[in-house]
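# Working through the structure, step by step
Okay, here's what each chain looks like letter by letter:
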Amino acid sequence: MTKPSAAMREPTYFILAALQDEPLHGYAIVKRAQELSDGRVRLTTGTLYAALDRLAGEQMVRVAEEAVVNGRARRTYELTERGLSALREEAARMAAAARVVRDRSVRSTAATARTAPA
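Notes on the structure in this doc start here. Note that the coordinates shown come from a computational prediction; the quantities given were computed from them, not determined experimentally. (Residues numbered from 1 in each chain as written. Predicted model: local features only at pLDDT ≥ 70, side-chain atom pairs only at ≥ 80, totals over all residues. Heavy atoms only, no water.)

Within the protein chain, the regular secondary structure consists of 4 helices and 3 strands. Helices and strands appear in the protein chain in the N-to-C order α-β-α-α-β-β-α. A fraction of 50% describes how many contacts in the protein chain between residues 6 or more apart in sequence connect residues 24 or more apart. (Helix = DSSP H or I, 4+ residues; strand = E, 2+ residues; numbered from the N terminus. Contact = heavy atoms within 4.5 Å.)

The structure is reproduced here in structure tokens:
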């Protein structure tokens, strides 16, 4: 039996999720992560690039393209197979955790309805 991986931090989850459909540059990752998280995740430049460096080191993302735009270097990042696998595992872990509460709530509601006075 394999040991379950540790829970992924929310910013990391949404950075990977932002890259799920297509490669993006830093500012686009920030905007997409914020959109996907309904505004909960607001990445600063420092946080984003520290996370991207870490994720690249873990082979979850890689630089897809480097270009100079308006005299500034712009890197576009893409999700690797390893990153996609980690993202899917985290989504499954969170779904399983949500089922514990959702299923308990359904049972609790049904039990309350049966024991409530008429």
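Don't stop here, the text continues.
A few words now on the pairing of strand S2 (residues 61-69). In summary, the side chains of a regular strand alternate between the two faces of the sheet. The sheet contact formed by S2 and strand S3 (residues 72-79) spans 8 bridges and is antiparallel. Note that in S3 the partner of Arg-62 across the bridge is Glu-78. Hairpin geometry of S2 and S3 is characterised by an intervening segment of 2 residues between the two adjacent antiparallel strands and by a positive phi of about 55 degrees at Asn-70. (Pairing = 2+ DSSP bridges.)

Turning our eyes to something else, we now look at the packing of helix H1 (residues 10-18) against helix H3 (residues 45-57). Closest axis-to-axis distance for the H1/H3 pair is 11 Å, and the angle between their directions is 75 degrees. Taken as axis vectors, H1 and H3 run roughly perpendicular relative to one another. Note on element contacts: H3 touches H1 through Leu-48, Ala-51, Leu-52, Arg-54 and Leu-55, opposite Thr-12, Ile-15 and Leu-16. A breakdown of the residues in the contact of H1 with H3 according to their chemical character gives 6 nonpolar, 1 polar and 1 charged. (Axes fitted to C-alpha atoms, helices over the stretch in contact; angles between N-to-C directions. Parallel < 35°, antiparallel > 145°, perpendicular 65-115°, else oblique. Nonpolar A, V, L, I, M, F, W, Y, C, P; charged D, E, K, R; others polar.)

For the rest of this paragraph, the subject is helix H2 (residues 26-36). When we look at burial in H2, the residues that qualify are Gly-26, Ala-28, Ile-29, Val-30, Ala-33 and Gln-34. The secondary structure elements touched by the buried residues of H2 are H1, strand S1 (24-25), H3 and S3. Directly after H2, the chain includes Asp-38, whose backbone phi takes a positive value near 55 degrees. (Buried < 20%, exposed > 50% of the residue type's maximum accessible area, 1.4 Å probe, protein only.)

Purely geometric stuff here, so don't read any function into it on its own.
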